[in-house]
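Overview (structure and organization)
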Amino acid sequence: MPALLRLAGVVTGILAGLSQGAPSFTHGLEPRGATCNTASDRACWSSGFDINTDYESSTPSGVARSFTFTIKEFANWTAPDGEVKTGAMLINGMYPGPTIIADWGDTITVTVNNKLTVNGTGIHWHGLRQLGNNIQDGTGGVTECPIPPGGSKTYTFKLTQYGTTWYHSHFSSQYSNGIFGAIQINGPSSANYDIDLGVYPINDFYPASAEDIVEASQLGASGPNSTNVMFNGTNINLSGNGGAYSTIKLTPQKTHLLRLYNPSAQHHYQVSIVGHNLTVIETDLVPVEPITVDNIFLGIGQRAHVLITANQKAGNYWMNITMPVANKCGVSDNPFPAAIVHYTSVAGGIPTEEGTLPANPGCQDSLLYVPVVPQSADPATFDQTVDNTVIMYSVSSPTTRWLIDGASIHNTSIKVDWDKPVLDYIMSGNTSYPAAENAITIDQKNVWTYWIIESTSTGPHPMHLHGHDFLILGTSAPNAGAFTAADVASLNFANPTRRDVTMTPPKGWNVLAFKADNPGAWLFHCHIAWHSSNGLALNFLERVSEQKALISTADQKAYEDNCAAWRDYWDGQTLVSETDSGLKVRELELDAVLAAL
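To start, this report covers the structure provided alongside it. Just so it is clear, the model here is predicted, and its values are computed rather than measured. (Residues numbered from 1 in each chain as written. Predicted model: local features only at pLDDT ≥ 70, side-chain atom pairs only at ≥ 80, totals over all residues. Heavy atoms only, no water.)

Take the overall build of the protein chain next. When helices and strands are tallied, the protein chain shows five helices and 35 strands. When each of the 597 residues of the protein chain is scored for burial, the buried share is 61%. In the protein chain, the share of contacts with a sequence separation of at least 24, taken over all contacts with a separation of at least 6, comes to 80%. (Helix = DSSP H or I, 4+ residues; strand = E, 2+ residues; numbered from the N terminus. Buried < 20%, exposed > 50% of the residue type's maximum accessible area, 1.4 Å probe, protein only. Contact = heavy atoms within 4.5 Å.)

Right, dumping it as structure tokens:
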């Protein structure tokens, strides 16, 4: 597959710089406080804070930063590659949405204005711990009612972690219509670099609406091929209708930090650069000991900081992504998704060296990332019981749904109640949670809780936990079957890889652990958009008897006011129906609405 086939004779104005990605928020920002973080000492941050600081117990002082998101619909929207999407939903008219840039310790306020015609919305701050602040998690039907059309909501939270993460709508599968963007939190690093290239999303793209795809998946269809894969918001169009390659610009002999994240709906990738290694220094907001690799795997929702040293012959090189079809990582109509890595000392152009395929990891995570700030669990406290074993599977009658079976969850798909979120039950002291909330109660305080996640399906699942990182004690090979007592010896309790998204292998298992130190209702779900929409999720209700005391009077009033506005809207309309674990607009009515825009 010669690299020049990627051209397909279609592109003029081939090269697109990093500036073609989502603009960052810079207006109204306070300057960064005093910092010792320099190119020769990235481990240092400020007085008393560095790469070895336990960020779960200590946070530097910061400044307040305020942002405004306005979410609107765009009918027959032309994407950066020239494809037309029936109905896009964008923040401030941008694709991806604007990047929030802040520093470790800052307090962030984001006001979200919903200008959608008939749909509710809300924003989840993926990977942010929200310690003692569950009410700001942004999960519709769990921690909030949706923001109704014409309404607004203000989120406030402190950045106790640092690195790169992202935000997205948590209203059904709405984020794949375009409601997502990055959060760049400046902080220390475990290795030095000269130049910060900023955030870099790689995501699948579909002309069909998320609502159409979810409906098709309920009727038994597998997820569709993407028509393209976007690198920092752009790519060429194979049919010749426009578009351009994204270009990453390297300064010769300098080391560059690239902040990768995967906001896809159903694609998982291996990312590689021809002729260059990548040094991984952070995964999912967890700084790790530097490890040099020739490619990095990114499942949906995962992030990574990689260092790229421009020490090769000055020229133009492909950044490739690989999705092994046999492992169900994803399929795109673009057979060679790629971007260009360009040395600034030479002229731009199309790379000529194809490169080689990286070794196939089976669409699975690496467990070789060693956190800089260690956390270890005690193997003497581990036990396998029916109470901590969660089994995931699907059924296809009468429609396709994903179900969970466990001690307190009996063969159910999650179906949240927009009118009465889980938080309503918690604030009123009502523990009679509906079965469809898939609730697992954790009452222990500050102890490690262990969870055996088993899958009976033939594809991998990127499982994400809100409110926590988890220790990945172990992961089976694909098709290994259920976890047994014989597998306990393979588990690693001593500072294992820690992150907030991991891949559960097909017909295999993970063993995960998180400490019960953050009261709240925390969703645990598959991040394949159509799987989550079709019920593959549960709620960990962690020390919820303590949560009401953590909610300020102002936050409770804002919550109640938004829910009242949502109920007024929901009870008085006929255009919107709840047909999955979230909401979708009835198709004919959505088409009519978009046609009128």
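Resuming the write-up.
Core analysis: the biggest nonpolar cluster contains 72 residues, and Ile 123, Trp 125, Ile 202 and Met 319 have the highest contact counts within it. For this core, the element with the most residues is strand S22 (residues 338–343), which contributes five residues. Sequence-distant contacts of Trp 125, that is, excluding residues within four places in its chain, are made with Phe 69, Ile 100, Val 110, Gln 130, Gln 136, Asp 137, Tyr 155, Phe 157, Trp 166, Tyr 167 and Ile 183. Within the second largest apolar cluster, 42 residues are counted, among which are Leu 90, Ala 265, Ile 453 and Ala 516. (Core = buried A, V, L, I, M, F, W, Y, C linked by side-chain atoms within 4.5 Å.)

Backbone-to-backbone hydrogen bonds pair the strands of a sheet. The strands run either parallel or antiparallel. Taken together, five strands build an open sheet; the order of strands is S25-S33-S32-S27-S30 and the sheet is mixed. Strands at the two margins of the open sheet, each flanked by one partner only, are strand S25 (439–442) and strand S30 (501–504). Between one strand axis and the next, the sheet turns by 25° as a mean value, whatever way the strands run. Of the pairings in the sheet, the one linking S25 to strand S33 (residues 537–542) comprises four bridges and is parallel in character. Opposite Ala 439, over in S33, you have Asn 539 as the bridge partner. (Pairing = 2+ DSSP bridges. Axes fitted to C-alpha atoms, helices over the stretch in contact; angles between N-to-C directions.)

Turning our eyes to something else, we now look at the layout of surface pockets. What the largest pocket holds in volume is close to 610 Å³. Forming the boundary of the largest pocket are 26 residues, of which Ser 222, Gly 223, Gln 266, Lys 328 and His 531 lie nearest the centre. Taken together, the residues of the lining of the largest pocket break down into nine nonpolar, 16 polar and one charged. (1 Å grid on protein atoms, 1.4 Å probe; cavity = no way out; pocket = protein on both sides within 12 Å on 5 of 7 lines; lining within 4 Å. Points joined across faces, edges and corners; volume = space filled by probe spheres on them. Nonpolar A, V, L, I, M, F, W, Y, C, P; charged D, E, K, R; others polar.)

This paragraph deals with empty space enclosed by the protein. Following the criterion strictly, the structure yields six cavities of 30 Å³ or more and no others. Contributing to the lining of the second largest cavity are 14 residues, with Tyr 95, Ser 176, Phe 180, Asn 203 and Asp 204 lying nearest its centre. With three residues, the top contributor of residues to the lining of the second largest cavity is strand S12 (residues 195–205). Of the residues in the lining of the second largest cavity, the class split is seven nonpolar, five polar and two charged.

The subject of this paragraph is the packing of aromatic side chains. If you walk through the whole model with that rule in mind, you get 29 aromatic pairs. For the ring pair Tyr 95 and Phe 180, a centre distance of 5.8 Å and an interplane angle of 80° mean the geometry is edge-to-face. You can see Tyr 95 sitting in the loop between strand S5 (84–91) and strand S6 (100–103) and its partner Phe 180 sitting in strand S11 (residues 180–186), a full 85 residues away along the chain. The class of Tyr 95 is buried, set by a relative accessible area of 13%. Using a relative accessible area of 3% as the deciding quantity, one classes Phe 180 as buried. Relative to Tyr 343, the ring of Tyr 317 lies with its centre 5.7 Å away and its plane at 50°, an arrangement referred to as tilted. Note that Tyr 317 is positioned in strand S21 (residues 316–322) and Tyr 343 in strand S22, a separation of 26 residues in sequence. Residue classification places Tyr 317 among the buried residues on the basis of a relative accessible area of 12%. An aromatic cluster is built from Phe 69, Trp 125, Tyr 155, Phe 157 and Tyr 167, whose rings are joined through pairwise contacts. Over the face of the ring belonging to Tyr 425 we find Lys 420, whose NZ or CZ atom lies 4.7 Å from the ring centre. (Phe/Tyr/Trp six-rings, centres within 6.5 Å; stacked < 30°, edge-to-face > 60°. Lys NZ or Arg CZ within 6 Å of the ring centre and 35° of its normal.)

Between its first and last C-alpha atoms helix H4 (residues 553–571) spans 27 Å; for 19 residues at 1.5 Å apiece the expected length is 27 Å, and the two agree. Within the sequence span of H4, burial applies to Tyr 559, Asn 562, Cys 563, Trp 566, Tyr 569 and Trp 570. Buried residues of H4 fall within an arc of 125° about the axis and therefore sit on the same side. Within H4, the exposed residues directed more than 90 degrees away from the buried face are Thr 553, Ala 554, Lys 557, Asp 568 and Asp 571. (Expected span 1.5 Å × (residues − 1). Arc of directions from axis to C-beta.)

Once that is clear, we can look at the pairing of strand S20 (residues 303–309). Summarising burial for S20: six of the seven residues are buried, a large majority. With seven bridges joining them, strand S15 (residues 255–261) and S20 adopt antiparallel strand pairing. Within S20, the position partnered with Thr 255 by the bridge is Thr 309. Where strand S17 (residues 278–283) meets S20, four bridges bridge the pair, whose relative direction is antiparallel. Across the sheet, the residue bridging to Thr 283 is Ala 304, located in S20.

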